[in-house]
Amino acid sequence: VRILDQRALPEAEEWLDCAGADDVRRAIRSLAVRGAPAIGIAAAYAMALAALRSEAGKPSALLADVDRAGRRLLRARPTAVNLGWAVTRVSGAARAAATGGADAVRAAAMDEARRIEADEERAMVAIGELGSTLIEDRANVLTHCNTGLLACGAGFGTALGAVVTAHRDGKEVHVWVDETRPVLQGARLTAWELQRWRVPMTLVADTAAGYLMATGRVDLVILGADRIAANGDVANKIGTYPLAVLAKEHGVPFYVAAPVSTVDLSTPTGAEIAIETRDPDEVSAPRGVRFAPEGTWALNPAFDVTPARLVTAIVTERGIVEPPFRAGLKRLLRTGKGAA
Ligand code: MRU
């Protein structure tokens with residue numbers, strides 16, 4: 001499995017060769033690969049690698065190796081539900097093939113990983129197209145973190161996919177790119193992608209959002225999600241919740257774009273979503289440059305939860321869901337049809 005190392009971007013394009021599931025787990029943990037859908041696809045291939053690399057001769061022993069890899073992967077990052085979703089899908093496919101022998105299990109794990117990648121690719125294209133209908137000509141769009149190809153492994157991504165699709169379709173779009181402290185996914189990755197697609201953009205400090213909205217320079221906010229609870233509460237990159245509060249105050253639509261693999265009906269509300277806390281050094285010494293005095297304690301929650309009442313609509317590959325989200329999301333997952 002070859003992974004573009006996002007830690008090195010935008011300065012360098014470096015690739016990581018992952019020989020086993022544990023290499024992929026480390027890549028996920030260290031943010032070499034990040035963004036909920038890309039984490040899911042990487043985890044799926046990690047499970048396939050676990051099956052291929054296992055020397056077990058009997059299906060039961062092979063499945064035990066695959067499950068062990070799955071348990072380790074699940075601990076890599078707790079918030080993005082796509083990780084657990086992919087692990088469950090691959091282990092289910094492997095288990096279903098057990099009567100065919102160990103080689104059938106290996107083949108089924110690899111096939112399922114490939115299917116997950118192909119499914120997500122189709123989902124991203126559909127989200128981009130549906131999401132672009134929410135973006136009018138000459139719109140100023142504010143986005144946070146990175147939700148593009150890098151974060152999704154396919155298409156133009158989710159929220160960024162909507163923007164790039166609108167641009168590709170000839171709309172004049174301008175993007176306010178939040179730098180996204182502390183890891184700077186906006187400044188490093190979203191700016192890099194938008195530059196490649198030649199979409200007009202301006203990089204801003206996260207703290208500029210209030211000023212931009214108060215002065216009428218934001219027509220809509222669109223961003224991604226790491227987990228959407230059954231009631232429509234949204235866990236996403238730290239800094240998302242204050243944007244939603246500001247958007248409400250200023251009457252700016254606040255859209256969330258995500259594949260159905262990010263919707264988690266087994267989590268009733270955002271209060272039950274585990275929020276990852278990362279190394280304090282990401283805050284006090286970002287990218288190895290120390291800003292705070294040595295010994296300063298820093299808190300580094302990687303995500304926050306935006307209550308459903310602040311979300312205007314959720315864009316998925318199956319449709320655009322409007323409030324009330326509980327019923328809309330349920331219908332979406334059960335029937336494959338959106339609410340709008
Ligand atoms: O910590 P990260 O960079 O993995 O966080 C990524 C985000 O919060 C994204 O907005 C989310 O995963 C959606 S990506 C389409």
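1. A word on the sheet that holds strand 11 (residues 303-306)
Moving on, step 1. Reading across the sheet, the four strands line up as 10-7-8-11 and stay open at both edges, with mixed pairing between neighbours. Two strands in the sheet have a free side with no partner beyond their single neighbour: strand 10 (263-264) and strand 11.
Moving on, step 2. Here strand 7 (residues 227-229) runs beside strand 8 (residues 234-237); their pairing, made up of two bridges, is antiparallel. Pairing of Ile228 across the sheet is with Val234, part of strand 8.
Moving on, step 3. Of the strands in this sheet, strand 8 and strand 11 are in contact with helix 10 (residues 240-250), which crosses strand 11 at around 30°.

2. What about the confidence of the model for the chain?
Detail in the predicted coordinates should be disregarded across regions flagged by low pLDDT.
Moving on, step 1. Taken over all residues, the pLDDT of the chain has a mean of 96, while the share at 70 or more is 99%.
Moving on, step 2. Across the chain, element-level confidence peaks in strand 9 (residues 254-257) with a mean pLDDT of 99 and bottoms out in helix 12 (residues 325-335) with 92.

3. Quick look at the site of the ligand
Moving on, step 1. Taken together, 17 residues form the shell around the ligand, and within it Arg34, Arg77, Asp226, Asn236 and Lys237 come nearest.
Moving on, step 2. One nitrogen or oxygen atom from the side chain of Arg34 is found 2.4 Å from an oxygen atom belonging to the ligand.
Moving on, step 3. Burial of the ligand by the protein amounts to 99% of the accessible area it has alone, namely 410 Å².
Moving on, step 4. Looking at the shell around the ligand, the elements that each hand over two or more residues are helix 2 (36-53), helix 6 (149-152) and strand 8.

4. Description of the nonpolar core
Soluble globular proteins tend to bury their nonpolar side chains together.
Moving on, step 1. By size, the foremost hydrophobic cluster in this structure holds 41 residues, and its most contacted members are Val24, Ile28, Val33, Leu62, Leu73 and Leu83.
Moving on, step 2. Where this core is concerned, the elements lending two or more residues are helix 1 (21-29), helix 2, helix 3 (59-74), helix 4 (81-96) and helix 5 (102-132).
Moving on, step 3. Per element, the largest residue contribution to this core is 14 residues, and it comes from helix 2.
Moving on, step 4. Not counting chain neighbours up to four residues away, the residues in contact with Val33 comprise Ile3, Gln6, Ala27, Ile28, Ala38, Ile39 and Ala42.
Moving on, step 5. With 30 residues, the next largest nonpolar core counts Met213, Val252, Val260 and Ile314 among its residues.

5. Description of the sheet that holds strand 12 (residues 313-316)
Moving on, step 1. The strand order across the open sheet formed by seven strands is 5-4-3-6-9-12-13, and the pairing between neighbours is mixed. The open sheet has two edge strands, strand 5 (201-204) and strand 13 (319-321), and neither has a second partner. Taking each pair of neighbouring strands and ignoring which way they run, the sheet shows an average axis angle of 25°.
Moving on, step 2. Across five bridges, strand 3 (residues 139-143) lies against strand 4 (residues 173-178) in parallel orientation. Bridging from a neighbouring strand, Ala139 pairs with Val173 of strand 4.
Moving on, step 3. Of the strands in this sheet, strand 3, strand 4, strand 6 (220-223) and strand 9 are in contact with helix 10, which crosses strand 9 at around 145°.
Moving on, step 4. Sheet strands in contact with helix 12 are strand 12 and strand 13, and its direction is about 155° off that of strand 13.

Thresholds, definitions, all that
Residues numbered from 1 in each chain as written. Predicted model: local features only at pLDDT ≥ 70, side-chain atom pairs only at ≥ 80, totals over all residues. Heavy atoms only, no water. Pairing = 2+ DSSP bridges. Helix = DSSP H or I, 4+ residues; strand = E, 2+ residues; numbered from the N terminus. Contact = heavy atoms within 4.5 Å. Axes fitted to C-alpha atoms, helices over the stretch in contact; angles between N-to-C directions. pLDDT = per-residue confidence, 0-100. Near = heavy atom within 4 Å. Polar contact = N/O pair within 3.5 Å; in protein donor to acceptor, adjacent residues only side chain to side chain. Areas by Shrake-Rupley, 256 points an atom, 1.4 Å probe, with all protein chains shown as cover. Core = buried A, V, L, I, M, F, W, Y, C linked by side-chain atoms within 4.5 Å. Buried < 20%, exposed > 50% of the residue type's maximum accessible area, 1.4 Å probe, protein only.

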